[in-house]
Amino acid sequence: MLAAPKIDAFLPPRRILMGPGPSDVHPQVLAAQARPTVGHLDPLFIGMMDELKQLLQYAFQTRNEMTLAVSAPGSAGMETCFVNLLEPGDTVIVCRNGVFGERMRQNVERCGATAITVDNSWGEPVNPQQVEDALKANPQAKYLAFVHAETSTGALSDAKTLCALAQRYGCLSIVDAVTSLGGVELRVDEWGIDAIYSGSQKCLSCVPGLSPVSFSPKAVERIKARQRPVQSWFLDQSLVMSYWSGGAKRSYHHTAPVNALYALHESLRLLAAEGLEQSWQRHKDMHQLLKQGLTGLGLEFVVAEPHRLPQLNSVYIPQGGDDAAVRKQLLEQYNLEIGAGLGELAGKAWRIGLMGYAARRENVALCLKALQTVLG
Ligand SMILES: *Cc1c(COP(=O)(O)O)cnc(C)c1O
């Protein structure tokens, strides 16, 4: 017998989350998550799931029937798109301009498919001309995959143009919208996006752990026409769909994360009440405020103005600034978390998030005041 450990309840402090995610969770979303758990086949829960689907369709601006939340974080949404669509031997054009494009490439290879990479430097958006060149040079390509909002750098790519290119060259598009959904303009149907995944903890003001995804009718046809079953049982959408769309006949696939789905329902309800376009505008407005302050402190942005993400502000660490010490002071003295640089930008930049509920005037003011004090 191991002796029972004596451990107190974990009581986290109320941090202000202005990093690359998770971001501040709306208090109403936290409250929703604490409501009583019901059975995941309870008729009332099924009604909630149906509403959740409608809310996801609104957030994505899509009529796609196959729209749902994967019961796992954004990375699982990424994997869901790749394992369901790709078959061994397929060719995929993968755009890399940061950490997450490289993860897409790894997914492609693990599916036994071939990745043709289009590389742009960190902080740059994906270059449509290079993508077109790659599409021309690889007529066998079936998919174009790219990250809409590169959280590792703060660069926004032109998803509308890239998806139009994919269509022109007969490819389906696979889009990472983990950081873009709710934070910047995104129109799945209008732009012709075929497979898209996001995450609950970035611009949706929700807790981490869920990944909204959506597949176009063309993508669904591809999935139905597969030669071999999806290698992942858990992420196989043909099995999951009978759970999400079965209505009263819904049958067990896995136990839905019931309370986390309450949270997502509440966060998307709040998004719908605010209005999607109003949410995009709020992120822009808060970014403008923060930018003025950061520029006033002498900090320089990593990404050039036209491609900057409002919800993820990467700034170079000033000369003599101690990366870890500054972040530690912000956390300890102000309960404020900002993000460290990732990959090529590790130790060189900070990533200041303005995502979802964190994109508020009081957060901007606190962050600027804290940085000003800490940087002296
Ligand atoms: C955060 C993020 C992911 C991964 O999401 P997790 O929820 O951490 O698994 C993928 N892509 C982008 C662009 C992200 O910002």
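As the structure is a computational prediction, the values presented were derived from the model and not from experiment.

Student: Now, about the packing of aromatic side chains: what can you tell me, with residues and values included?
Tutor: Evaluated as defined, the whole model comprises one aromatic pair. Above the ring of Phe301, the side-chain terminus of Arg308 is found at 4.1 Å from the ring centroid. When the ring centre of Tyr357 is taken as reference, the NZ or CZ atom of Arg360 above it lies at 3.9 Å.

Student: Can you explain the site of the ligand? Please cite residues and give values.
Tutor: Pro73, Gly74, Ser75, Phe100, Val147, Ala149, Thr151, Asp176, Val178, Thr179, Gln201 and Lys202 make up every residue found near the ligand. Within the side chain of Gln201, one N or O atom sits 2.7 Å away from an oxygen atom of the ligand. Protein contacts shield 88% of the accessible area of the ligand, which totals 380 Å² for the unbound molecule. Grouping the amino acids of the shell around the ligand by side-chain chemistry returns five nonpolar, five polar and two charged.

Student: Before we move on, could you go through empty space enclosed by the protein and cite the residues and values that matter?
Tutor: What the rule picks out here adds up to one cavity of 30 Å³ or more. Taken as a whole, the largest cavity encloses approximately 40 Å³ of empty space. Around the largest cavity sit Val70, Ser71, Phe234, Leu235, Gln237, Val240 and His254, which together line it. Broken down by class, the residue content of the lining of the largest cavity amounts to four nonpolar, three polar and no charged.

Student: A description of unusual backbone geometry should follow, citing residues and the corresponding values.
Tutor: Residue Pro22 follows Gly21 across a cis peptide bond; omega there is 5°. Structurally, the position occupied by Pro22 is in the loop between β1 (16-18) and α1 (27-33). In this model, Gln61 sits at a positive phi of 55°, which is unusual for a non-glycine residue. Here Gln61 lies in the loop between α2 (43-60) and β2 (66-70). For Gln61, a relative accessible area of 29% translates into the label partly exposed.

Student: A description of the packing of helix α5 (residues 128-137) against helix α6 (residues 159-168) should follow, citing residues and the corresponding values.
Tutor: At a minimum axis separation of 10 Å, α5 and α6 run at an interaxial angle of 15°. Put simply, α5 runs roughly parallel to α6. Seen from above, α5 lies across α6 with right-handed handedness. Judged by residue contacts, Pro128, Val131, Glu132 and Leu135 of α5 engage Thr161, Leu162, Leu165, Ala166 and Arg168 from α6.

Student: Before we move on, can you summarise the environment of Leu345 with the specific residues and values?
Tutor: Within the element layout of this structure, Leu345 appears in the loop between β12 (336-340) and β13 (349-353). Taking relative accessible area as the criterion, Leu345 reaches 7% and is therefore assigned buried. The sequence separation of Leu345 and Ser314 amounts to 31 residues, and the corresponding C-alpha distance is 9.3 Å. Dropping the residues within four chain positions of it, Leu345 is found in contact with Trp122, Ser152, Thr153, Val302 and Tyr316.

Student: A description of the UniProt feature "binding site: substrate" (unreviewed entry) in the protein should follow, citing residues and the corresponding values.
Tutor: Sequence positions flagged by UniProt for "binding site: substrate" (unreviewed entry) are, in local numbering, Arg351. By secondary structure assignment, the location of Arg351 is in strand β13. Within polar-contact distance, the side chain of Arg351 engages the backbone oxygen of Thr151 at 2.8 Å.

Student: Lay out the sheet that holds β12 in plain terms, naming residues and giving numbers.
Tutor: Across the sheet, four strands lie side by side as β1-β12-β13-β11; this open sheet has mixed pairing. Since the sheet does not close on itself, it has two edges, and those belong to β1 and β11 (312-316), each with one partner. Across the sheet, the mean angle separating the axes of adjacent strands is 30° when strand polarity is ignored. Here three bridges tie β1 to β12, and the two strands are oriented parallel to one another. Opposite Met18, over in β12, you have Ile338 as the bridge partner.

Student: With reference to specific residues and values, describe the nonpolar core.
Tutor: Formed by 89 residues in total, the largest nonpolar core has its most connected members in Leu86 and Phe215. Aside from chain neighbours lying at most four places away, what touches Phe215 is Asn64, Met66, Thr80, Cys81, Leu85, Asp194, Ala195, Val220, Ile223 and Gln237. One finds Leu299, Val326, Ile338 and Ala370 within the second-largest nonpolar core, a separate group that totals 23 residues.

Student: Residues and numbers for α6, please.
Tutor: Of the residues making up α6, those classed as buried are Ala159, Leu162, Cys163, Leu165 and Ala166. Take α6 and look down its axis: the buried residues cluster within an arc of 155°, on one side only. On its buried face, α6 sits against α5, β5 (143-147), β8 (172-176) and α7 (188-191).

Student: Provide a residue-level description of the pairing of β13, including the pertinent values.
Tutor: With five of its five residues buried, β13 lies for the most part within the structure. Note that β11 and β13 share five bridges and pair antiparallel. Directly across from Asn313, in β13, lies its bridge partner Ile352. One ladder, built from two bridges, connects β12 with β13; its direction is antiparallel. Note that in β13 the partner of Gly339 across the bridge is Arg351.

Cut-off values and rules
Residues numbered from 1 in each chain as written. Predicted model: local features only at pLDDT ≥ 70, side-chain atom pairs only at ≥ 80, totals over all residues. Heavy atoms only, no water. Phe/Tyr/Trp six-rings, centres within 6.5 Å; stacked < 30°, edge-to-face > 60°. Lys NZ or Arg CZ within 6 Å of the ring centre and 35° of its normal. Near = heavy atom within 4 Å. Polar contact = N/O pair within 3.5 Å; in protein donor to acceptor, adjacent residues only side chain to side chain. Areas by Shrake-Rupley, 256 points an atom, 1.4 Å probe, with all protein chains shown as cover. Nonpolar A, V, L, I, M, F, W, Y, C, P; charged D, E, K, R; others polar. 1 Å grid on protein atoms, 1.4 Å probe; cavity = no way out; pocket = protein on both sides within 12 Å on 5 of 7 lines; lining within 4 Å. Points joined across faces, edges and corners; volume = space filled by probe spheres on them. Helix = DSSP H or I, 4+ residues; strand = E, 2+ residues; numbered from the N terminus. Buried < 20%, exposed > 50% of the residue type's maximum accessible area, 1.4 Å probe, protein only. Axes fitted to C-alpha atoms, helices over the stretch in contact; angles between N-to-C directions. Parallel < 35°, antiparallel > 145°, perpendicular 65-115°, else oblique. Left-handed = near helix turned anticlockwise from the far one by under 90°. Contact = heavy atoms within 4.5 Å. UniProt positions renumbered as here; feature names shortened; annotations may be inferred. Pairing = 2+ DSSP bridges. Core = buried A, V, L, I, M, F, W, Y, C linked by side-chain atoms within 4.5 Å. Arc of directions from axis to C-beta.

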